[in-house]
Number of protein chains: 2
Amino acid sequence: MCILDLPQNTVALGESRSVIRDIFEYGNKRRAQIGADKVFDFSLGNPSVPAPKKINSTLSRLIAESDSTVLHGYISSAGLTDARKAIAIEETHRAKMNGSDLCVSYEDVYITCGAAASLAISLSALICPGDRVALLAPFFPEYRVFAEKAGAEVVVIPPSSKEMMPDFDAVERVASAGIKVLIINSPNNPSGAVYDRPVLERLAKILREAQKKTGKMIFLISDEPYRELLYIDTPAPFVPAIYENTLICYSYSKSLSLPGERIGYIVVPSCIQNAEAKKVFASISGAGRALGYVCAPSLFQRMIVECSKEKPDIGAYVRNRNLIYHSLTDMGFDCTPPSGAFYLFIKSPIPDACAFCEAAKAYELLLVPSDSFGIGGYVRLAYCVSEPTLKNALPAFRSLAKQYGLTGKE
Amino acid sequence: MCILDLPQNTVALGESRSVIRDIFEYGNKRRAQIGADKVFDFSLGNPSVPAPKKINSTLSRLIAESDSTVLHGYISSAGLTDARKAIAIEETHRAKMNGSDLCVSYEDVYITCGAAASLAISLSALICPGDRVALLAPFFPEYRVFAEKAGAEVVVIPPSSKEMMPDFDAVERVASAGIKVLIINSPNNPSGAVYDRPVLERLAKILREAQKKTGKMIFLISDEPYRELLYIDTPAPFVPAIYENTLICYSYSKSLSLPGERIGYIVVPSCIQNAEAKKVFASISGAGRALGYVCAPSLFQRMIVECSKEKPDIGAYVRNRNLIYHSLTDMGFDCTPPSGAFYLFIKSPIPDACAFCEAAKAYELLLVPSDSFGIGGYVRLAYCVSEPTLKNALPAFRSLAKQYGLTGKE
């Protein structure tokens, strides 16, 4: 008999899978058993709004009119120059809308296979053995996976309030003890919280002081897949104008409703990082290469050249947000109104959010417990579903509220 | 001033880039300077044959007829079940054509973003600290990059002959000293060499004996993106029927001319690895997740459901192969006729293949020196170009032959 040693971390990750994907798979099984309309699956952030019409018409035209060997051919690993240029124009425009005259060049843009790739590549490019990555709870669970795979030690910083804002004192303590990276995600998955300019300015000040104290550069990774899904009036800040050493990680998954196609990018703003930016960009190129990312899908890069200005129609999300927030609050559930993204973060009526999620399953309500988001006692509800699904789920929520003795306005 | 420590390996990889991609980028510059028709770029394995017609018609139909949120939505990380089933049927068919009754289940198939992802994920799933990966020179340079990123020590085994066949004695020595993985690539990039069944059986015997001797499981990773591009009569062997612990890494890049779209797969044949296969598959799922691969592009997975049986039209490659092999041989260049893929491996007339490639550049001939393929003294010519490009390049090759005093039949 031969011995087989496998890396325990990858086996464990593969066997446990992501909690979210596990619930999603359970939903698939349940749908097959009792019918799709009977399962109220709020587990996955799969946009329910179709991609803007121009996306599919552009894809169709590209397929009909392009030379196949060019259309589907290899692309330089940093991306198609015209797509990088279109992205640079959009990012520069965002800077300007935020009152900044920072200019993003196409050479600062590295096109990736979506947000997960953007993060895995950025972390692999930045982390040296012994480096620490700080995460602000609640956070997308895969941050921990990517950071640990890159060799980092993860430090979780709990929020200061039920509005899920950063605990600045804690950030200061952690940062001044030495970190290489702080990841922020605004609008936030899972809470829908949005960091406004004063919050970001305060974080920037803390990081700058920590840099001065430790003598080591600290990067802010701003993970922004939800930045167009905002239910407040101010547009998302252009973070590099607030803190110099920022990498923007972006994905079109949510804004253009293309989560399965894997297309996004990293911006390393050279205008502000000067000499170091080239090294960071080189490290990102090297990390992308070593992780097996040859290039982002060619057809979708070509689509971006023409569709980079497309914006989502968030009307449906706004309606869903209002409906579910007010309905659940009226039933007696404790939730904060989300300012962005398409998630509602609900306080579990019992301390054990996993047990609460299991109880919800009995009503075919699929929710994600907050534990894997780095905080206990909450559940995430993804309201990127059809309006009928949301409406039809309300009686089930009512029963659930009753089971836990909640009393609201109803 | 703040200090910035970056991982030296990713910075170096990013700054050096792949030798092949470097030459390709040089070609892009040169094309802009003197016109595309004046540059004879044989650097990149970008298929010159269009994708089979059914690919683009299927893509167009899927875009026209599907619900956008489903078409572009998230897919389970191992892949779309229907695509995995179509692939399993094809692989089982290949086994049968090879006289084996092995049955590949869809649960053995993990769909990836192309061959590079297949390899990076497989190695990350298998390699524990201290493990060694054996590469048979000449080999695709990125094997080393992926293996080292996964934490392996790489051992290069030179070939036994100018036909680029394995040196079995050397493989035996290396394997019995302890390896975790041997990577094979038949048809081979860069040499076009093909391992026939007796060669594979001999390798299998060596690996089995080494397993017995060391008591540790040895995996054969069979990287097969070129297996349909064959200029001999026997179809590519189904390797798991010859050696049990085989992972098949496949990509549609070359066979369906889709290199920029990033779609391929890994097969972990459960029928032969029994209990261990599940663990390996779990580790592959975990590695894919940790490296940031959420799923392979959705649109292309849906295309595979309908097009998995499509085969390339290799007529153009056959013509190019015959033309370039005979022309260069007649000019006095020393090359072995390739049995598969679309590369010609040419012996450099001087020991320094890099210097020879530089000299070729003066005639606008872009070739890749063999050094990064793990062997000195050769150059790789990718003949997946248009026939006119190949024909128009012949006078330049004639001048190059003259410069080096080669005398052939001409």
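Rules behind the numbers
- Residues numbered from 1 in each chain as written.
- Chains lettered and ligands numbered in written order.
- Predicted model: local features only at pLDDT ≥ 70, side-chain atom pairs only at ≥ 80, totals over all residues.
- Heavy atoms only, no water.
- Salt bridge = Lys/Arg side-chain N within 4 Å of Asp/Glu carboxyl O.
- Helix = DSSP H or I, 4+ residues; strand = E, 2+ residues; numbered from the N terminus.
- Least-squares fit on C-alpha atoms with pLDDT ≥ 70 in both.
- Contact = heavy atoms within 4.5 Å.
- Buried < 20%, exposed > 50% of the residue type's maximum accessible area, 1.4 Å probe, protein only.
- Pairing = 2+ DSSP bridges.
- Axes fitted to C-alpha atoms, helices over the stretch in contact; angles between N-to-C directions.
- 1 Å grid on protein atoms, 1.4 Å probe; cavity = no way out; pocket = protein on both sides within 12 Å on 5 of 7 lines; lining within 4 Å.
- Points joined across faces, edges and corners; volume = space filled by probe spheres on them.
- Nonpolar A, V, L, I, M, F, W, Y, C, P; charged D, E, K, R; others polar.
- Phe/Tyr/Trp six-rings, centres within 6.5 Å; stacked < 30°, edge-to-face > 60°.
- Buried area = accessible area lost by both parts, 1.4 Å probe.
- Polar contact = N/O pair within 3.5 Å; in protein donor to acceptor, adjacent residues only side chain to side chain.
- Left-handed = near helix turned anticlockwise from the far one by under 90°.
- Arc of directions from axis to C-beta.
- pLDDT = per-residue confidence, 0-100.
- Disulfide = S-S within 2.5 Å.
- Core = buried A, V, L, I, M, F, W, Y, C linked by side-chain atoms within 4.5 Å.
- Parallel < 35°, antiparallel > 145°, perpendicular 65-115°, else oblique.

A. Local environment of the pattern of salt bridges. All names here are of chain A. Taken as a whole, this structure holds 46 salt bridges over all chains when the rule is applied. With its nearest N and O atoms 2.8 Å apart, the salt bridge here joins E224 to R227. Close ionic contact of E358 with K361 constitutes a salt bridge, the shortest N to O distance being 3.2 Å. With a gap of 3 residues between them, E358 and K361 both fall in helix α14 (residues 353–361), about one helical turn apart.

B. Seen up close, the relation of the copies chain B and chain A. By a simple turn and slide, chain B fits onto chain A: the slide is 0.0 Å along the axis, the RMSD is 0.0 Å, and the turn is 180°. Here the transformation between the copies is reduced to the relation of a two-fold axis. Using C-alpha coordinates, one finds that chain B approaches the rotation axis most closely at S60(B), a distance of 2.9 Å. Same-surface contact between copies: 99% of interface residues of chain B are shared with the interface of chain A.

C. Summary view of the environment of T214(B). All names here are of chain B. Here T214 shows up in helix α9 (residues 197–214). T214 gets classed as partly exposed once you look at its relative accessible area, which sits at 29%. Separated by 90 residues in sequence, T214 and S124 place their C-alpha atoms 22 Å apart. Those residues in contact with T214 that lie beyond four places of it in its chain are A175, S176 and G178.

D. Seen up close, the sheet that holds strand β3 (residues 132–136) of chain A. All names here are of chain A. With mixed pairing, the 7 strands of this open sheet are ordered in space as β2-β8-β7-β6-β5-β3-β4. Here the strands that pair on one side only, and so sit at the sheet edges, are β2 (109–112) and β4 (153–157). When strand polarity is set aside, the average angle formed by the axes of neighbouring strands in this sheet is 20°. The pairing of strand β6 (residues 219–223) with strand β7 (residues 246–251) spans 4 bridges and is parallel. Each residue of the ladder has a partner; that of I221, found in β7, is L247.

E. Here's a closer look at the sheet that holds strand β13 (residues 378–382) of chain A. Residue and element names in this part refer to chain A. Strand order in the open sheet formed by 4 strands is β9-β10-β13-β12, with antiparallel pairing between adjacent strands. The strands lining the two open edges of the sheet, one partner per strand, are β9 (334–335) and β12 (368–369). Sheet analysis places β9 next to strand β10 (residues 343–347), joined by 2 bridges and oriented antiparallel. Among the inter-strand pairings, D334 is bridged to a residue of β10, identified as K347. Sitting on the sheet, helix α13 (residues 315–331) touches β9, β10 and β13, and the angle it makes with β10 is about 10°.

F. Summary view of the layout of surface pockets. Space inside the second largest pocket adds up to approximately 1500 Å³. Looking at the second largest pocket, it is lined by 48 residues, and the ones nearest its centre are S76(A), F24(B), E25(B), N28(B) and R31(B). When contributions to the lining of the second largest pocket are tallied by element, the ones reaching two or more residues are α4 (68–71), α5 (81–97) and α11 (275–290) of chain A together with α1 (8–16), α2 (19–34), β1 (40–41) and α14 (387–403) of chain B. When residues in the lining of the second largest pocket are grouped by element, the largest group, 6 residues, is from α11(A). Of the residues assigned to the lining of the second largest pocket, the class counts are 18 nonpolar, 16 polar and 14 charged.

G. Layout of the packing of aromatic side chains. Per the stated rule, a full pass over the model turns up 31 aromatic pairs over all chains. Considering the side-chain rings of F345(B) and Y378(B), the 4.8 Å spacing of their centres and the 5° angle between planes classify their relative orientation as stacked. You can see F345(B) sitting in strand β10 (residues 343–347) and its partner Y378(B) sitting in strand β13 (residues 378–382), a full 33 residues away along the chain. Accessibility classification places F345(B) together with Y378(B) in one group, the buried group. An aromatic cluster of three or more residues is present, and its members are F42(A), F333(A), F356(A), F397(A) and Y404(A).

H. Just the interface of chain B and chain A, in detail. On the side of chain A, 84 residues touch chain B, which itself brings 85 residues to the contact. A per-residue breakdown of the area chain B buries against chain A is headed by H72(B), Y74(B) and R289(B), which together make up 13% of the total. One can count 4 salt bridges joining chain B with chain A. Across the contact surface, chain B and chain A share 41 residue pairs in polar contact (both at pLDDT 80 or more). When residues of the side of chain B that touches chain A are traced back to their parent elements, those giving at least two are α1, α2, α3 (53–65), α4 (68–71), α6 (115–126), α7 (142–149), α10 (270–290) and α11 (298–307) of chain B. With 10 residues, the single largest contributor to the side of chain B that touches chain A is α10(B). Its residues assigned to classes, the side of chain B that touches chain A shows 44 nonpolar, 26 polar and 15 charged.

I. Summary view of the packing of α6(B) against α7(B). Residue and element names in this part refer to chain B. Look at α6 against α7: their axes get within 8 Å of each other, and the N-to-C directions meet at 35°. Of the two elements, α6 crosses α7, and the hand of that crossing is right-handed. Counted together, A116, L119, A120 and L123 of α6 and Y143, F146 and A147 of α7 form the full contact between these two elements. A class-by-class count of the residues in the contact of α6 with α7 yields 7 nonpolar, no polar and no charged.

J. Representation of helix α8 (residues 168–176) of chain B within the structure. All names here are of chain B. All of the buried residues in α8 are F168, A170, V171, V174 and A175. All buried residues of α8 lie within an arc of 155° about the axis, which places them on one face of the element. Buried residues belonging to α8 abut β3 (132–136), β4 (153–157) and α9. G178, located one to two residues past α8, shows a positive phi value of around 110°.

K. Focus on the confidence of the model for chain A. The predicted model of chain A has a mean per-residue pLDDT of 94, with 98% of residues at 70 or higher. Scored as a whole, the predicted complex attains pTM 0.95, and scored at its interfaces, ipTM 0.94.

L. Examining empty space enclosed by the protein more closely. The tally for this structure, following the rule as stated, stands at 11 cavities of 30 Å³ or more. As a volume, the largest cavity reaches approximately 550 Å³. In terms of lining residues, the largest cavity is bounded by 34 residues, among which Y74(A), V294(A), R21(B), F140(B) and E142(B) are the most central. Partitioning the lining of the largest cavity into residue classes produces 15 nonpolar, 10 polar and 9 charged.

M. A look at the state of the cysteines. According to the stated counting rule, one finds 0 disulfides over all chains in the structure shown. Residue C307(B) stays outside any disulfide, its sulfur separated by 18 Å from that of C113(B), the closest cysteine. For C307(B), a relative accessible area of 0% gives the class buried. In this structure C384(B) is a free cysteine whose sulfur lies 15 Å from that of C295(A), the closest cysteine sulfur available. Overall, the relative accessible area of 4% leaves C384(B) in the buried class.

N. Representation of the nonpolar core within the structure. Counting 182 residues, the largest nonpolar core has L123(A) and L123(B) as the members making the most contacts within it. With sequence-adjacent residues up to four places away left out, L123(A) is seen in contact with V133(A), Y143(A), F146(A), A147(A), A150(A), V181(A), I183(A) and I221(A).

O. Here's a closer look at the packing of α3(B) against α11(B). Residues and elements named next belong to chain B. For the pair α3 and α11, interaxial distance at closest approach is 9 Å and the crossing angle is 120°. By the angle between their axes, α3 is oblique relative to α11. Viewed along their axes, α3 and α11 form a crossing whose handedness is right-handed. In contact with K54, I55, T58, L59, R61, L62 and I63 of α3, α11 contributes L299, F300, R302, M303, E306 and C307. Of the residues contributing to the contact of α3 with α11, the split by class is 8 nonpolar, 1 polar and 4 charged.

P. Spotlight on the environment of L229(B). All names here are of chain B. With respect to the helices and strands, L229 occurs in the loop between β6 (219–223) and β7 (246–251). Overall, L229 belongs to the buried group, its relative accessible area being 0%. For the pair L229 and F342, spaced 113 residues apart in sequence, the C-alpha separation works out to 7.5 Å. Those residues in contact with L229 that lie beyond four places of it in its chain are P187, K254, P312, I314, Y317, G340, A341 and F342.

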